[in-house]
Amino acid sequence: GSQPVIPWAAAVDLDIYRADDTMYVAFNDRVVRYRGGQYTCWVRGEDLPDFSITGVDVNPFNGDIWVSTNGGAYRYNQQFGWRGFTRPILRSDFVTQVGFSDDDRIWIFSRGTSDSHVTLQGPQGAIYEQFSGWPDVDVMADVTESIFGVNTPTNTVWAFDAQRPGLSSYTSSGQLITDEV
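Every value quoted in this text rests on a predicted model; they were computed, and no experiment measured them.

### A few points about the packing of aromatic side chains
Now for step 1: What the rule picks out here adds up to seven aromatic pairs.
Now for step 2: Between Y34 and Y39, the ring centres sit 4.6 Å apart and the planes meet at 45 degrees, which makes this aromatic pair tilted.
Now for step 3: Overall, the relative accessible area of 30% leaves Y39 in the partly exposed class.
Now for step 4: Ring geometry for F109 versus W134: centroids 5.8 Å apart, planes at 70 degrees, classification edge-to-face. Of the two residues, F109 is situated in strand β10 (residues 106-111) and W134 in the loop between β12 (127-132) and α1 (137-143); the sequence distance between them amounts to 25 residues. As far as burial versus exposure is concerned, F109 and W134 are alike and both buried.
Now for step 5: Through successive ring pairs, a cluster of aromatic residues spans W42, Y76 and W82.

Right, dumping it as structure tokens:
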């Protein structure tokens, strides 16, 4: 049989659950899971709420799938199914990314009239704390693997910067590392 073709140019995000090499690809209207030669598709307005999808992130500690949308963050857990996190837990429903830390906190980053983030704790995310702005660049690098960068052993963040060709590196305080440093 033929395999479906993934239109990569239309993808808005991708993540891989490294424990079993399951790949998740987000599009504006759906999230596709590819695992063991099988595809699963969650469609906006059917399986997910009818909001534009902005990203997909997989919790590396437990495999939960998090979908970022213009209407909140939605988690898929094998035991509980889909659950949404929206206002008033979030300060803005325009979620850009979800991150994870090894202390079992979930970090939801959103944009509205200003940047903000929320940390969730507990099996159902019942304990939460809201913050204005986003955390420091070194915290962002610890909880995400994104355009914000990848933390390296030298405590620098490597990031794609639209103003510079290729990758740029930054110190933990956010300063650009140049050849003069």
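Once the structure has been displayed, the description carries forward.
### Description of the nonpolar core
Now for step 1: If you look at the biggest cluster of nonpolar residues, it comprises 13 residues, and the most contacted ones within it are Y24, V31, W42, L48, V56, I65 and V67.
Now for step 2: Taken together, the elements giving at least two residues each to this core come down to β2 (22-27), β5 (53-58), β6 (65-69) and β7 (72-77).
Now for step 3: Broken down by element, the residue count for this core peaks at three residues, all from β5.
Now for step 4: The residues touching L48, leaving out its near neighbours within four places in the chain, are V31, W42, V43, I53, V67, Y74 and W82.
Now for step 5: Core analysis: the next-biggest nonpolar cluster, separate from the first, contains twelve residues, W66, F85, F100 and I108 among them.

### Focus on the side chain of R33
Now for step 1: Relative to the helices and strands, R33 is located in strand β3 (residues 30-35).
Now for step 2: Despite being buried, R33 has no salt bridge partner; D20 is the closest side chain of opposite charge, sitting 7.9 Å away.

### Side note on the environment of V32
Now for step 1: Take V32: it is sitting in strand β3.
Now for step 2: On the basis of relative accessible area, V32 is assigned to the buried category, the value being 11%.
Now for step 3: Taking the C-alpha atoms as reference points, V32 and I6, 26 residues apart in sequence, are found 8.8 Å from one another.
Now for step 4: When neighbours within four sequence positions are excluded, V32 is seen to be in contact with M23, Y24, V25, F27, Y39, T40 and C41.

### Describing the pattern of salt bridges
Now for step 1: The full count for this structure, using the stated rule, is six salt bridges.
Now for step 2: The partner of D29 in a salt bridge is R30, and the shortest N-O contact between them spans 3.3 Å.
Now for step 3: Classification of D29 as partly exposed rests on a relative accessible area of 32%.
Now for step 4: Residue R30 is classed as partly exposed on the basis of its relative accessible area, which comes to 29%.
Now for step 5: Across the salt bridge formed by R111 and D115, the nearest N and O atoms sit 3.0 Å from each other.
Now for step 6: Judged by relative accessible area, R111 falls into the partly exposed class, the value being 41%.

### Quick notes on the side chain of T22
Now for step 1: Along the chain, T22 falls in strand β2.
Now for step 2: Separated by 2.6 Å, the side chains of T22 and D20 make a polar contact.
Now for step 3: The residues contacting T22, other than those within four sequence positions of it, are D15, I16, Y17, R33, Y34 and R35.

Reading the values: the criteria
- Think of each chain on its own: its residues are numbered from 1, step by step along the sequence as written.
- Per-residue local features are limited, in this predicted model, to residues with pLDDT of at least 70; the limit for side-chain atom pairs, both in listing and counting, is 80 or more; totals at the level of whole chains, interfaces and linings are taken over all residues.
- Note that the side-chain values use all heavy atoms of the structure and ignore hydrogens as well as water.
- Between the rings of Phe, Tyr and Trp (Trp by its six-membered ring), a pair exists once the centres lie within 6.5 Å; its type follows the angle of the planes, with under 30 degrees stacked, over 60 edge-to-face, and the other angles tilted.
- Partly exposed residues are those whose accessible area sits between 20% and 50% of the maximum for their type, while under 20% is buried and over 50% is exposed, using a 1.4 Å probe and protein chains only.
- Where helices and strands are cited, they refer to DSSP runs of H or I of at least four residues and of E of at least two residues respectively, numbered from the N terminus.
- Side-chain atoms within 4.5 Å link the members of a nonpolar core, which is a set of buried Ala, Val, Leu, Ile, Met, Phe, Trp, Tyr and Cys residues.
- In what follows, residue pairs with any heavy atoms lying within 4.5 Å of each other are defined as contacts.
- Positive residues here are Lys and Arg, negative ones are Asp and Glu, while His and the chain termini are left out of the count.
- Within this document, salt bridges are pairs made up of a side-chain nitrogen of Lys or Arg and a carboxyl oxygen of Asp or Glu, the two lying within 4 Å of each other.
- We define a polar contact as two N or O atoms separated by no more than 3.5 Å, with the added condition that, inside protein, one atom must be a possible hydrogen donor and the other a possible acceptor, whereas residues neighbouring each other in sequence contribute only through side-chain atom pairs.

None of the figures reported here should be taken as evidence of function without further support.
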